[in-house]
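Chains, contacts and geometry: an overview
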Amino acid sequence: MIKSKLKMDKIRTRFAPSPTGFLHIGSLRTALYAYALAKHNGGDFLLRIEDTDQKREVPGALEALQTTLKKFGLTWDEFYTQSERLPLYSSAAKKLVKDGHAFYCDCKPKNAKLEGFSQELRDPCRNKSLKSGAIKLKVPDDKVVSYCDFVHKKEISWNTDTVYDATLLKSDGFPTYHLAAMVDDLSMKISHILRGHDWLPSTPIHLLVFDYLGGKRPEIGHLTDILSAETGKKLSKRRDSVFVEQFLDMGYLPEAILNFVMLLGWAPKDNRELFSLGEFVKNFDINGFQDANPRFFYNKLNWFNGHYIRQKTDKELIELLKNGFLPENTDMELLSKIVPLVKERIAKLSDFSSFAGFFFEKKEVDKTLLGKNYKEHLSKAVEALERGILLDKIPEENGFKVGDFFMDLRIAIAGSKFTPPINESIEILGKEESIERLKKVISNN
RNA sequence: GGCCCCAUCGUCUAACGGUUUAGGACGUCGGGUUUUCAUCCCGAAAACUUCUGGGUUCGAAUCCCAGUGGGGUCACCA
């Protein structure tokens, strides 16, 4: 019997962000998939910083990026910075000129944002045989370039008559993405390029560059765009929360964000939904990629987050709450008593204050919420507390309706109809404070 | 506008030509547990039969074509 398993080269993927700000939620997903693709097959996952546009670089962005990636458990095996590899790109560009696949251009750079801008397909400098300036790709006429996308699992092709003479090396000596990324993917022996859908239209440029540079072209796959639930368009910084750090600040857990995002654009055959990073890597299947753009709905994110919050031990949850979700100078002993009561009531860490805020400060009591017998209810409760009698006995002894009695109590103590269990809350709050709050409501006409 | 991608419940998706009266999850609604809310458990509605119209086939959500609709992209940014 012949076991014919194709001996594949080692899988090597990369995440290649530019250090221009926070980590986009879509980028996190791209990184996750690239990581899983590599790790599922025992391969390497590289982090490559594409900092070839000095103007857009944001100080500190690189460090922030790495910190965030690590929070999600996405660790890399190798690290590269393009700005430290400049000679590689310029010599590659010069080789392309020498081989007749690129040319120098001394036109002044155009700005796409300017009004009346229109891209010319064939650059006027392509036959001038200039000896200096920017270097552009000499796109051949009427040729078909194609590749098989491993996300969409289909062949995609272009006629080069629709491809413009893209700039490869800028006049400042820095490469553009079109050059740098291809040179690097080749030299770093990347086996699979996984990137956003927005790169799909410029893929023919990259195919040409790969072919002219020589060597084995990596597999290429384009991930779907994540669409805004409201607009149905790509998530935008202006309207939507798009940065991972924003979600962290809102009180979403890394496990939940990761789990949510992995199912936007990928699904297993058995429709399983709960995955840790490790489980995802184990179950990862390249056939699970989706073709259609998903929408970012918060419902499921919230559900995942609630789920993962409940998975935490009280101690772990306290540590998480310490990251900016607690009132100033929170008493830790008090907190450890409160946390078990709110754990299954919150969907986000930031919900803590709305459920447990009354433990730390007196809340305004809206009298219209109280029942018509509230004074009687509260007076008996005060009496019981003062004499140390169990509150549970009060309704029966006085002929109160149990629900009404405790509801008035709840509102007077916490200022809300929705609270943690009121008996336990009173115990935590203390007899004195509780009595004081009840009396205040009784006397405040 | 040119080029490219896409199209199953409100949302994320399963179904890879026939076990489909299209399955699951979130959300919604109803019920149970509970002194509230939440958790948890049970159940229901939900895709004018898989955007529309053609074709291929004994048979199509699944393959092909067209239309329509949605998205992306057209820089010396990535």
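Numbers given for residues are sequential positions, taken from 1 along each chain in its written order. A letter from A marks each chain and a number from 1 marks each ligand, given out in the order of writing. Totals for whole chains, interfaces and linings use all residues, but because this is a predicted model, local features are given only for residues with pLDDT of at least 70 and pairs of side-chain atoms are given and counted only at 80 or more. Only heavy atoms go into the side-chain values, all of them from the structure, while hydrogens and water stay out.

Focus on the overall build of chain A
Note the threshold: Numbering of helices and strands runs from the N terminus; a helix is a DSSP stretch of H or I covering at least four residues, while a strand is a stretch of E covering at least two. All radius of gyration figures rest on C-alpha atoms, and the globule criterion is 2.2 Å times the number of residues raised to 0.38. Summary of the burial criterion: residues with accessible area below 20% of their type's maximum are buried, those above 50% are exposed, and those between are partly exposed, where the area comes from a 1.4 Å probe applied to protein chains only. Residue contacts are counted whenever heavy atoms from the two residues lie within 4.5 Å of one another. In this tally, Lys and Arg are treated as positive and Asp and Glu as negative; His is ignored, and so are the chain termini. One atom stands in for each charge, and that atom is NZ of Lys, CZ of Arg, CG of Asp or CD of Glu.
Looking only at helices and strands, one finds 17 helices and 12 strands in chain A. A globule of 445 residues ought to have a C-alpha radius of gyration of about 22 Å, yet chain A, at 30 Å, is considerably larger. By principal-axis analysis of the C-alpha atoms, chain A measures approximately 100 × 65 × 35 Å. For chain A, the proportion of its 445 residues judged to be buried stands at 48%. Once local pairs closer than 6 in sequence are excluded, the contacts in chain A between residues at least 24 apart make up 73%. Across chain A, the centroid of the 67 positively charged side chains sits 4 Å from that of the 62 negatively charged ones.

Description of the sheet that holds strand β4 (residues 102-105)
Spelled out, the test is: At least two bridges found by DSSP between two strands are what make those strands a pair. Lines fitted to C-alpha atoms define the axes, with helix axes restricted to the stretch in contact, and inter-axis angles between N-to-C directions lie between 0 and 180 degrees.
Taken in spatial order, the three strands make up an open sheet running β4-β5-β8, and their pairing is antiparallel. For this open sheet the edge positions go to β4 and β8 (167-169), each flanked by a neighbour on one side alone. Averaged over all neighbouring strand pairs, the angle between strand axes comes to 40 degrees, with direction disregarded. As paired elements, β4 and strand β5 (residues 134-137) share four bridges and run antiparallel to each other. The partner of F103 across the bridge, within β5, is K136.

Description of the packing of aromatic side chains
The line we're drawing: Only the six-membered ring of Trp is used, alongside the rings of Phe and Tyr, when aromatic pairs are assigned; centres must lie within 6.5 Å, and planes under 30 degrees apart are stacked while those over 60 apart are edge-to-face, with the rest tilted.
Throughout the structure, instances matching the rule amount to 22 aromatic pairs. With centroids separated by 5.9 Å and ring planes inclined at 20 degrees, the aromatic side chains of F400 and F405 adopt a geometry described as stacked. For F405, a relative accessible area of 0% corresponds to the buried category. Ring-pair connections join several aromatic residues into one group, and the members of that group are Y33, W266, F275, F280, F284 and F289.

Some remarks on the pairing of strand β9 (residues 192-196)
For β9, the buried fraction is high: five of the five residues fall into the buried class. Where β9 and strand β10 (residues 219-223) come together, five bridges link them in parallel fashion. Residue pairing across strands places L194 opposite G221, the latter belonging to β10.

Here's the deal with the sheet that holds strand β1 (residues 12-15)
A sheet is described by the order of its strands in space; here three strands give the open sequence β1-β2-β3, paired in parallel fashion. Pairing within the sheet leaves two strands with one partner each, and these edge strands are β1 and β3 (78-81). Here the average twist between neighbouring strands, direction ignored, is 25 degrees. Alignment of strand β2 (residues 44-49) against β3, held across four bridges, turns out to be parallel. When the sheet's bridge partners are listed, I49 is paired in β3 with T81.

Regarding the environment of Y104
Turning to its location among the elements, Y104 is positioned in strand β4. Take Y104: its relative accessible area is 13%, and that puts it in the buried class. Spatially, the C-alpha atom of Y104 lies 5.5 Å from that of A134, the residues being 30 residues apart in sequence. Y104 has contacts with K94, V97, C125, L130, K131, S132, G133, A134 and I135, leaving out every residue within four places of it along the chain.

Topic: the environment of C148
With respect to the secondary-structure elements, C148 resides in strand β6 (residues 144-149). A C-alpha to C-alpha distance of 7.3 Å links C148 and I220, two positions 72 residues apart in sequence. Ignoring anything within four residues of it in the chain, the contact list for C148 reads K153, K154, E155, E219 and I220.

Side note on the environment of H24
Where we set the bar: Here a polar contact is taken to be a pair of N or O atoms separated by no more than 3.5 Å, where protein atoms must pair a possible hydrogen donor with a possible acceptor and residues adjacent in sequence count only if both atoms sit in side chains.
By the element assignment, H24 lies in the loop between β1 and α1 (25-40). Considering only alpha carbons, one finds H24 and K440, 416 residues apart in sequence, at a separation of 50 Å. Leave out the neighbours within four places in its chain, and H24 touches L235, V242, F243 and V244. Polar side-chain contacts of H24 include one of 2.8 Å to the backbone nitrogen of G26.

Some details on the side chain of D165
As for its position among the elements, D165 is in the loop between β7 (154-159) and β8. Note on D165: relative accessible area 4%, which makes it buried. A distance of 3.0 Å separates a polar side-chain atom of D165 from the backbone nitrogen of D123. Other than its neighbours up to four places away in sequence, D165 contacts F103, L121, R122, D123, R126, K136, L137, K138 and V139.

Some thoughts on the packing of helix α11 (residues 332-342) against helix α16 (residues 422-429)
Defined as follows: Geometric relationships in this document are graded by angle, where less than 35 degrees denotes roughly parallel, more than 145 denotes roughly antiparallel, 65 to 115 denotes roughly perpendicular, and other angles denote oblique. Classes in brief: Ala, Val, Leu, Ile, Met, Phe, Trp, Tyr, Cys and Pro nonpolar; Asp, Glu, Lys and Arg charged; the others, Gly included, polar.
It is at 10 Å that the axes of α11 and α16 come closest, and there the two elements cross at 175 degrees. Put simply, α11 runs roughly antiparallel to α16. For the pair formed by α11 and α16, the contact residues are L334, K337, I338 and L341 on the first element and E424, S425 and I428 on the second. By residue class, the composition of the contact of α11 with α16 is four nonpolar, one polar and two charged.

Some thoughts on the packing of helix α13 (residues 374-387) against helix α17 (residues 431-443)
Selection rule: Should the near helix be turned anticlockwise from the far one by less than a right angle, the crossing is left-handed, and should it be turned clockwise, the crossing is right-handed.
Between α13 and α17, the least distance of the axes is 10 Å, while the angle of their chain directions is 155 degrees. Looking at the two axes, α13 sits roughly antiparallel to α17. In the packing of α13 onto α17, the handedness of the crossing is left-handed. Side by side, α13 and α17 meet where Y374, K375, L378, S379, A381, V382, L385 and E386 of the first sit next to K431, S434, I435, L438, K439, V441 and I442 of the second. Taken together, the residues that form the contact of α13 with α17 break down as nine nonpolar, two polar and four charged.

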